[in-house]
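# Remarks on the overall topology
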Amino acid sequence: MKIMKTKILKLAVILLVLTGSFSCGKDDVEYEIYEKHDISACGVIDPLKNIEWLAQFCDEHDNDYFIEIFLYKNKITDENHIVIETATKFKEGMSPSPIYTTSVYSCDGEKLLFNGTESPIPVGWEEFFEENELIIRIWAVKAK
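All of these numbers come straight from a predicted model, not from anything done at the bench. (Residues numbered from 1 in each chain as written. Predicted model: local features only at pLDDT ≥ 70, side-chain atom pairs only at ≥ 80, totals over all residues. Heavy atoms only, no water.)

## Section: the nonpolar core
Core analysis: the largest hydrophobic core is formed by 17 residues, its most contacted members being Leu54, Ile67, Ile69, Ile82, Ile84, Ile138 and Trp139. Among the elements of the structure, helix 3 (52–60), strand 4 (66–74), strand 5 (80–87) and strand 8 (132–143) are those that each provide at least two residues to this core. With seven residues, the next largest nonpolar core counts Phe70, Tyr72, Val104 and Phe128 among its residues. (Core = buried A, V, L, I, M, F, W, Y, C linked by side-chain atoms within 4.5 Å. Buried < 20%, exposed > 50% of the residue type's maximum accessible area, 1.4 Å probe, protein only. Helix = DSSP H or I, 4+ residues; strand = E, 2+ residues; numbered from the N terminus.)

## Let's talk about the pattern of salt bridges
Side-chain pairs of opposite charge can arise where the charged atoms are in close proximity. Here the structure, examined in full by the defined rule, presents three salt bridges. We note a salt bridge from Asp38 to Lys36, for which the minimum N-O separation is 3.0 Å. The salt bridge involving Arg137 is made with Glu68; its shortest N-O contact spans 3.0 Å. Separated by 69 residues along the polypeptide, Arg137 in strand 8 and Glu68 in strand 4 bring together distant segments of the chain. Judged by its relative accessible area of 15%, Glu68 is buried. (Salt bridge = Lys/Arg side-chain N within 4 Å of Asp/Glu carboxyl O.)

## What about the state of the cysteines?
Covalent bonding between the sulfur atoms of two cysteines defines a disulfide. Considering all chains together, one arrives at one disulfide under this definition. Disulfide pairing places Cys42 opposite Cys107 at an S-S distance of 2.0 Å. In this structure, the disulfide formed by Cys42 and Cys107 twists by about -70° around the S-S bond and is classed as left-handed. With Cys42 in the loop between strand 2 (40–41) and strand 3 (44–45) and Cys107 in the loop between strand 6 (100–105) and strand 7 (111–116), this residue pair connects regions lying 65 residues apart in the sequence. Given a relative accessible area of 23%, Cys107 falls into the partly exposed group. (Disulfide = S-S within 2.5 Å.)

## Considering the packing of aromatic side chains
Tallied over the full model, the rule gives five aromatic pairs. Pairing Tyr72 with Phe129 gives two aromatic rings, centres 5.5 Å apart and planes at 80°, and the pair type is edge-to-face. Placement of the pair is Tyr72 in strand 4 and Phe129 in helix 4 (residues 125–131), with a sequence separation of 57 residues. Note on Tyr72: relative accessible area 10%, which makes it buried. Taking relative accessible area as the criterion, Phe129 reaches 28% and is therefore assigned partly exposed. Clustering of aromatic rings is evident, with ring pairs tying together Tyr72, Trp125, Phe128 and Phe129. One cation-aromatic arrangement involves Arg137 over Tyr34; the distance from NZ or CZ to the ring centre is 4.3 Å. (Phe/Tyr/Trp six-rings, centres within 6.5 Å; stacked < 30°, edge-to-face > 60°. Lys NZ or Arg CZ within 6 Å of the ring centre and 35° of its normal.)

Put into C-alpha coordinates, the structure is as follows:
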(Lines give C-alpha, C1' and ligand atoms only; values in the text may rest on other atoms or scores of the structure.)
Protein backbone atom coordinates (compact mmCIF):
# COMPACT_ATOMS: atom_id res chain seq x y z
CA MET A 1 0.00 0.00 0.00
CA LYS A 2 2.87 2.35 0.88
CA ILE A 3 4.52 1.67 -2.54
CA MET A 4 1.24 2.50 -4.31
CA LYS A 5 0.91 5.83 -2.45
CA THR A 6 4.52 6.70 -3.28
CA LYS A 7 3.96 5.97 -6.99
CA ILE A 8 0.78 8.05 -7.03
CA LEU A 9 2.58 10.91 -5.28
CA LYS A 10 5.49 10.76 -7.76
CA LEU A 11 3.07 10.70 -10.69
CA ALA A 12 1.19 13.69 -9.26
CA VAL A 13 4.43 15.66 -8.85
CA ILE A 14 5.51 14.83 -12.41
CA LEU A 15 2.13 15.91 -13.79
CA LEU A 16 2.27 19.11 -11.77
CA VAL A 17 5.74 19.94 -13.10
CA LEU A 18 4.75 19.17 -16.70
CA THR A 19 1.56 21.20 -16.47
CA GLY A 20 3.47 24.11 -14.99
CA SER A 21 6.13 24.01 -17.68
CA PHE A 22 3.53 24.13 -20.47
CA SER A 23 1.48 26.95 -18.97
CA CYS A 24 4.39 29.20 -18.00
CA GLY A 25 6.13 29.34 -21.36
CA LYS A 26 7.39 32.60 -22.80
CA ASP A 27 4.59 32.62 -25.38
CA ASP A 28 1.94 33.12 -22.69
CA VAL A 29 0.67 36.66 -23.14
CA GLU A 30 -2.11 38.43 -21.31
CA TYR A 31 -4.30 40.87 -23.21
CA GLU A 32 -6.16 43.91 -22.02
CA ILE A 33 -9.39 44.54 -23.93
CA TYR A 34 -11.44 47.74 -23.91
CA GLU A 35 -15.01 47.82 -25.28
CA LYS A 36 -17.50 50.69 -25.53
CA HIS A 37 -20.99 49.32 -26.12
CA ASP A 38 -23.29 52.16 -25.05
CA ILE A 39 -23.08 54.20 -28.28
CA SER A 40 -25.03 54.58 -31.50
CA ALA A 41 -23.22 54.78 -34.82
CA CYS A 42 -23.71 53.72 -38.41
CA GLY A 43 -27.46 53.57 -37.82
CA VAL A 44 -27.28 50.96 -35.03
CA ILE A 45 -27.01 50.83 -31.28
CA ASP A 46 -23.82 49.08 -30.12
CA PRO A 47 -21.92 48.78 -33.40
CA LEU A 48 -19.45 46.35 -31.82
CA LYS A 49 -22.22 43.76 -31.68
CA ASN A 50 -24.63 44.95 -34.36
CA ILE A 51 -22.31 45.53 -37.31
CA GLU A 52 -21.50 42.00 -38.41
CA TRP A 53 -18.12 42.62 -40.05
CA LEU A 54 -16.93 44.70 -37.07
CA ALA A 55 -18.05 42.10 -34.50
CA GLN A 56 -16.27 39.41 -36.52
CA PHE A 57 -13.12 41.54 -36.75
CA CYS A 58 -13.05 41.99 -32.95
CA ASP A 59 -13.62 38.25 -32.37
CA GLU A 60 -10.76 37.37 -34.71
CA HIS A 61 -8.31 39.91 -33.28
CA ASP A 62 -8.90 39.78 -29.52
CA ASN A 63 -5.37 38.48 -28.92
CA ASP A 64 -3.40 40.68 -31.31
CA TYR A 65 -0.47 42.73 -30.06
CA PHE A 66 -2.16 46.14 -30.41
CA ILE A 67 -5.35 47.34 -32.12
CA GLU A 68 -7.58 50.34 -31.54
CA ILE A 69 -10.90 51.01 -33.26
CA PHE A 70 -12.27 54.53 -33.45
CA LEU A 71 -15.51 56.07 -34.59
CA TYR A 72 -15.19 59.15 -36.82
CA LYS A 73 -17.92 61.45 -38.11
CA ASN A 74 -17.93 63.67 -41.19
CA LYS A 75 -18.17 67.32 -40.07
CA ILE A 76 -20.72 68.22 -42.78
CA THR A 77 -22.74 65.06 -43.54
CA ASP A 78 -22.55 63.34 -40.10
CA GLU A 79 -21.64 60.10 -41.94
CA ASN A 80 -19.76 57.69 -39.68
CA HIS A 81 -16.54 55.86 -40.47
CA ILE A 82 -14.65 53.17 -38.60
CA VAL A 83 -10.89 53.69 -38.27
CA ILE A 84 -8.73 50.75 -37.20
CA GLU A 85 -5.15 51.27 -36.06
CA THR A 86 -2.78 48.33 -35.56
CA ALA A 87 0.79 47.81 -34.45
CA THR A 88 2.94 44.71 -34.59
CA LYS A 89 5.41 43.69 -31.95
CA PHE A 90 9.02 44.29 -32.92
CA LYS A 91 10.56 41.04 -34.16
CA GLU A 92 14.30 41.09 -34.65
CA GLY A 93 15.27 40.20 -38.20
CA MET A 94 11.74 40.75 -39.50
CA SER A 95 11.45 44.53 -39.51
CA PRO A 96 13.59 47.44 -38.34
CA SER A 97 10.75 48.55 -36.02
CA PRO A 98 7.12 47.78 -35.22
CA ILE A 99 4.79 48.18 -38.18
CA TYR A 100 1.85 50.54 -37.75
CA THR A 101 -1.22 50.59 -39.98
CA THR A 102 -4.37 52.68 -40.13
CA SER A 103 -7.39 51.63 -42.18
CA VAL A 104 -10.53 53.68 -42.80
CA TYR A 105 -13.77 51.75 -43.38
CA SER A 106 -17.31 52.67 -44.30
CA CYS A 107 -20.02 51.41 -41.98
CA ASP A 108 -20.68 48.48 -44.32
CA GLY A 109 -17.05 47.31 -44.07
CA GLU A 110 -15.66 48.67 -47.32
CA LYS A 111 -12.01 49.66 -46.88
CA LEU A 112 -11.75 53.25 -48.11
CA LEU A 113 -8.17 54.17 -47.19
CA PHE A 114 -5.06 52.39 -45.92
CA ASN A 115 -1.80 53.79 -44.62
CA GLY A 116 1.07 51.87 -43.10
CA THR A 117 4.59 52.42 -41.83
CA GLU A 118 6.07 50.99 -44.99
CA SER A 119 3.69 52.51 -47.55
CA PRO A 120 3.26 55.94 -49.14
CA ILE A 121 0.47 58.19 -47.88
CA PRO A 122 -2.58 57.45 -50.05
CA VAL A 123 -4.46 60.04 -52.08
CA GLY A 124 -7.24 61.53 -49.96
CA TRP A 125 -5.62 60.69 -46.61
CA GLU A 126 -5.13 64.25 -45.32
CA GLU A 127 -8.52 65.30 -46.68
CA PHE A 128 -10.28 62.51 -44.79
CA PHE A 129 -8.85 63.61 -41.45
CA GLU A 130 -9.59 67.28 -42.21
CA GLU A 131 -13.21 66.51 -43.11
CA ASN A 132 -13.88 63.99 -40.32
CA GLU A 133 -13.54 64.27 -36.58
CA LEU A 134 -12.75 61.65 -33.97
CA ILE A 135 -15.82 60.86 -31.88
CA ILE A 136 -14.71 58.05 -29.58
CA ARG A 137 -12.56 54.96 -29.21
CA ILE A 138 -14.89 51.95 -29.22
CA TRP A 139 -12.58 48.94 -28.96
CA ALA A 140 -8.97 48.15 -28.20
CA VAL A 141 -6.73 45.21 -27.43
CA LYS A 142 -3.21 45.45 -26.10
CA ALA A 143 -0.72 42.82 -25.05
CA LYS A 144 0.46 43.37 -21.47
